[in-house]
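For reference, the chains in residue letters:
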Amino acid sequence: MADNIIETKDLTKKYGDFVAVDSLNLSVKRGEVFGLLGPNGAGKTTTILMLLGLTEPTAGRVKVLGFNPVRQPLSIKSHAGYIPDQVGFYDELTARENLIYIARLNSLSRQESNRRIDEALEKVGLTQVADKTVRTYSRGMRQRLGVADVLIKNPQLIIMDEPTQGLDPELARGFLELIRELANSGITILLSSHLLYQVQEVCDRVGLFHQGHMVLEGTVTALAQKVLGAGYHVRLRANGTKTTYVEQLRTLPGVVDVHFKEPDLYTLVSTKDLRSEAARVIVNAGGKLTSLDIENLSLDDIYNSYFEEVKHGPRK
Amino acid sequence: MAPENRNKVREGSPWRGLGAVITKEMADNLTSARMRILEILIILTAVGTGYSALKQLSSSTAQGQDQFLFLKLFTTAQDPLPAFAGFLGFLVPLIAISLAFDSVNGEFSRRTISRVLSQPIYRDALLLGKFLGEFFTLALVLSAIWLLVFGIGLLGLGIPPTGAEVARSILFLVATIVYGGFWMALALLFSTLFNQSATAALASIAVWLFFTVFWGILASLLAQGLKPIQYGFLDEALAQAKLQLVLSRISPNTLFAETTIGLLSPAVRSLGLFLPFELQGAVLGAPLPVGQSLLLIWPNLTGMIAATIVLFALSYISFQRREIRT
């Protein structure tokens, strides 16, 4: 418990008859990057708002940093930063003035807030433009200012809602690097996204949301094993007799399945990395191995596969 | 769950961060383009009405005999300008509405609301801070106008005001600020109820227009309908007039106008109807002491303050439970 930064038990939120979040059990450990993934309207933002005490749960319990968001929101909000979806600033003020307001709301002394503001701006690379009005800022700069905004309170936890939405791929990549840096400095991060391929590289663990339920939870590899049956997909190209290869590859320990995709192309599904063993099989059989690589499973695959299962029933 | 859930008390003070919000609001208001426009309006009003009152006063023969010459500065009108006090009656609501109509929905439309509320403060502090920040701005603006007129009076009349005159004009300033507070609370309420700032502004202006133009007519129609004069008795006429007075006092404009009369015309000893026998023993035209005039307008002042508090409470209720995702 002590190591769980976020813990929810049967957390439920209803808007009238509509159940936005249904009996959510979530735990996020100290220092990890956790991704809440799912399509729009799956209940991600509602969950985040409940964690921060910005909306009241209908039922269930929540503990964030050991506090109850309904009764002790100030303690949570002093130590947890929130970067909302499409974060807004006072456009007519400069970046620094925006941050000063936030520092004052956090009851920081003038000296302390100046120090932290300088540090935060430095960290997100906005020092040069700190005294320009936010109106002149681009989308990417605003997002970075959002990070500076939460860094001012020296947070133990940062919650980001759709942090990469609206950023071009390069900016998004840069932003994900920034997230990784923050995580490395010991800050726990919870982020929500529907752009699965972007966040899978930065998240230690993910939870898949669907219609208010968390349907899957774990590391990307673990999820792949759960949904696709095994963790590794090896692709190999080799010329030679098809049937021999398939038969021999099947005998390898840990192999789940072998497919013949097209002439000379085979895929191997396995529970561990079997590249060297597979290469040996081909070479021993007298074949000519032309390429061999391991497919990186993407969350998209897992996601699609999972929802196909939901729609059409289990594949087995 | 853990024992703290059974404890229904929120941790910490609801006013945490109040000072920061007030300072921010005042700084925003005082540097905004809106304020520039208001400043121009203020100077025009003060100089225009002050100057025309002075001209009127210096040409009048009563000068030197009037005990409260200085107060005349606020109440003397010369066509086409109304008197300063009358001018404030419709300028103040406009200033108050223009300061407050986008206070809450503006935060929503700029998407800053969730960022601000994720700071360690309660919504109480944000709402009250906004109201007070705007209220102090209004107080500042009105004090500036008041000082301008006062200064013009000192220069133009060349006679220093008496203590009673100073006291009365300060009370008038306070009453004007209270009156502005009512319109501000109304605009704040609309800014929490309507998502669009423009809708909130329009709704506030509509209420203002209703009370300024239509309520007087409506009050008289209602009074005629509810207490008709059938036989021409005095009692009937009296009952109708009384009802009309009561109805018209629902309007804050009436309350403010009566307050102005009570404070700035020391000879006024009743704001309602009175019959000749009630004046028995009174020295007509003799001024009331400041304390008595204050007593006279006290119900009006408390009425306006009470209405302000009710309106603020309504915005508080609507804002506390409001979902912050739109």
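Residues numbered from 1 in each chain as written. Chains lettered and ligands numbered in written order. Predicted model: local features only at pLDDT ≥ 70, side-chain atom pairs only at ≥ 80, totals over all residues.

Caption draft 1: Local environment of the overall build of chain A. Within chain A one finds eleven helices and 13 strands. Within chain A, the proportion of its 316 residues that are buried is 42%. Residue pairs in contact within chain A that sit at least 24 positions apart in sequence constitute 68% of those at least 6 positions apart. (Helix = DSSP H or I, 4+ residues; strand = E, 2+ residues; numbered from the N terminus. Buried ≥ 20, exposed ≤ 12 C-beta atoms within 10 Å, placed from the backbone. Contact = placed C-beta atoms within 7 Å.)

Caption draft 2: Focus on the overall build of chain B. Looking only at helices and strands, one finds twelve helices and zero strands in chain B. Helices and strands in chain B line up, N terminus first, as α-α-α-α-α-α-α-α-α-α-α-α. When the backbone C-alpha atoms are referred to their principal axes, chain B occupies close to 75 × 55 × 35 Å. Within chain B, the proportion of its 326 residues that are buried is 37%.

Caption draft 3: Representation of the interface of chain B and chain A. Counting residues at the interface gives 25 residues for chain B and 26 residues for chain A. For the side of chain B that touches chain A, the elements supplying multiple residues, two or more each, are helix 1 (18-31) and helix 6 (113-117) of chain B. Looking at the side of chain B that touches chain A element by element, the count peaks at three residues for helix 6 of chain B. Of the residues assigned to the side of chain B that touches chain A, the class counts are seven nonpolar, eight polar and ten charged. (Nonpolar A, V, L, I, M, F, W, Y, C, P; charged D, E, K, R; others polar.)

Caption draft 4: The arrangement of the sheet that holds strand 3 (residues 33-37) of chain A in detail. Residue and element names in this part refer to chain A. Strand order in this open sheet of six strands is 5-6-7-3-8-9, and the pairing throughout is mixed. Strands at the two margins of the open sheet, each flanked by one partner only, are strand 5 (80-83) and strand 9 (213-218). Across the sheet, the mean angle separating the axes of adjacent strands is 15° when strand polarity is ignored. In this structure, strand 5 lies alongside strand 6 (residues 157-161), joined through four bridges in parallel fashion. Its bridge partner being in strand 6, Ile-83 is matched across the sheet by Met-160. Here helix 1 (residues 44-51) sits on the sheet in contact with strand 3, strand 6, strand 7 (188-193) and strand 8 (205-210), set at roughly 150° to strand 6. Sheet strands in contact with helix 6 (residues 169-184) are strand 3, strand 6 and strand 7, and its direction is about 150° off that of strand 7. (Pairing = 2+ DSSP bridges. Axes fitted to C-alpha atoms, helices over the stretch in contact; angles between N-to-C directions.)

Caption draft 5: Here's a closer look at the sheet that holds strand 2 (residues 18-29) of chain A. Residue and element names in this part refer to chain A. Across the sheet, which stays open at both edges, the three strands sit in the order 2-1-4 with antiparallel pairing between neighbours. This sheet does not close on itself; its edge strands, each paired only once, are strand 2 and strand 4 (59-64). Taking each pair of neighbouring strands and ignoring which way they run, the sheet shows an average axis angle of 15°. Where strand 1 (residues 4-15) meets strand 2, eight bridges bridge the pair, whose relative direction is antiparallel.

Caption draft 6: Spatial organisation of helix 1 of chain B. The first and last C-alpha atoms of helix 1 of chain B sit 20 Å apart over 14 residues, in line with the 20 Å expected at 1.5 Å per residue. When helix 1 of chain B is considered as a whole, its buried residues turn out to be Ala-20, Val-21, Ile-22, Lys-24, Glu-25, Asp-28 and Asn-29 of chain B. Looking at the packing, one finds that the buried side of helix 1 of chain B touches helix 3 (95-105) of chain A together with helix 2 (33-59), helix 4 (84-100) and helix 7 (123-157) of chain B. (Expected span 1.5 Å × (residues − 1).)

Caption draft 7: Broad picture of the environment of Leu-314 of chain B. For Leu-314 of chain B, the position within the fold is in helix 12 (residues 290-320). The spatial distance from the C-alpha of Leu-314 of chain B to the C-alpha of Ala-85 of chain B is 30 Å, given a sequence separation of 229 residues.

Caption draft 8: Broad picture of the pairing of strand 11 (residues 255-262) of chain A. Residues and elements named next belong to chain A. With six bridges connecting them, strand 11 and strand 12 (residues 265-270) associate as antiparallel partners. Looking at the pairing, Val-255 lines up with Ser-270 of strand 12. Counted between consecutive antiparallel strands, the loop separating strand 11 from strand 12 contains two residues, among which Asp-264 sits at a positive phi close to 75°.

Caption draft 9: Structural detail: the domain arrangement of chain A. Once the domains are mapped, chain A shows domain 1 (4-218) and domain 2 (232-296). Here the C-alpha centroids of domain 1 of chain A and domain 2 of chain A sit 44 Å apart. (Domains from an automatic or database assignment.)

Caption draft 10: Structural view of unusual backbone geometry. All names here are of chain A. Unlike most non-glycine residues, Ser-23 shows phi in positive territory, near 40°. Tracing the chain through its elements places Ser-23 in strand 2. Judged by the 15 C-beta atoms lying within 10 Å of it, Ser-23 falls in the partly exposed class. Phi is positive for Asn-154, close to 45°, though the residue is something other than glycine. By C-beta crowding, Asn-154 is classed as partly exposed, having 15 other C-beta atoms within 10 Å.

Caption draft 11: Geometry of the packing of helix 1 of chain B against helix 7 of chain B. Residue and element names in this part refer to chain B. Here helix 1 crosses helix 7 at 40°, and the two axes come no closer than 8 Å. Taken together, the axis directions place helix 1 and helix 7 in an arrangement best described as oblique. Like other packed secondary-structure pairs, helix 1 and helix 7 cross with a definite hand, here right-handed. Between helix 1, through Leu-18, Val-21, Ile-22, Glu-25, Met-26, Asn-29 and Leu-30, and helix 7, the contact on the second element is made entirely by Ala-125, Leu-126, Leu-128, Gly-129, Lys-130, Leu-132, Gly-133, Glu-134, Phe-136 and Thr-137. In terms of residue class, the contact of helix 1 with helix 7 is made up of ten nonpolar, four polar and three charged. (Parallel < 35°, antiparallel > 145°, perpendicular 65-115°, else oblique. Left-handed = near helix turned anticlockwise from the far one by under 90°.)

Caption draft 12: Up close: the confidence of the model for chain B. Residues and elements named next belong to chain B. With 95% of its residues at a pLDDT of at least 70, chain B reaches an overall mean of 89. When the elements of chain B are averaged for pLDDT, helix 3 (residues 69-75) gives the smallest value, 86, and helix 8 (residues 163-193) the largest, 96. For this predicted complex, the interface confidence reaches an ipTM of 0.88, while the overall pTM sits at 0.86. (pLDDT = per-residue confidence, 0-100.)

Caption draft 13: Here's a closer look at the environment of Ile-152 of chain A. All names here are of chain A. Residue placement: Ile-152 occurs in the loop between helix 5 (139-151) and strand 6. Measuring from C-alpha to C-alpha, the distance between Ile-152 and Tyr-137 comes to 20 Å, with 15 residues separating the pair along the chain. Leaving out residues up to four positions away in the same chain, Ile-152 has contacts with Leu-99, Ile-102, Ala-103, Asn-106, Arg-116, Ile-117 and Ala-120.

Caption draft 14: Spotlight on the environment of Asp-149 of chain A. Within the secondary structure, Asp-149 of chain A is located in helix 5. Each C-alpha atom of the pair Asp-149 of chain A and Asp-168 of chain A lies 22 Å from the other, and the pair is 19 residues apart in sequence. Asp-149 of chain A has contacts with Leu-99 and Ile-102 of chain A together with Arg-115 of chain B, leaving out every residue within four places of it along the chain.

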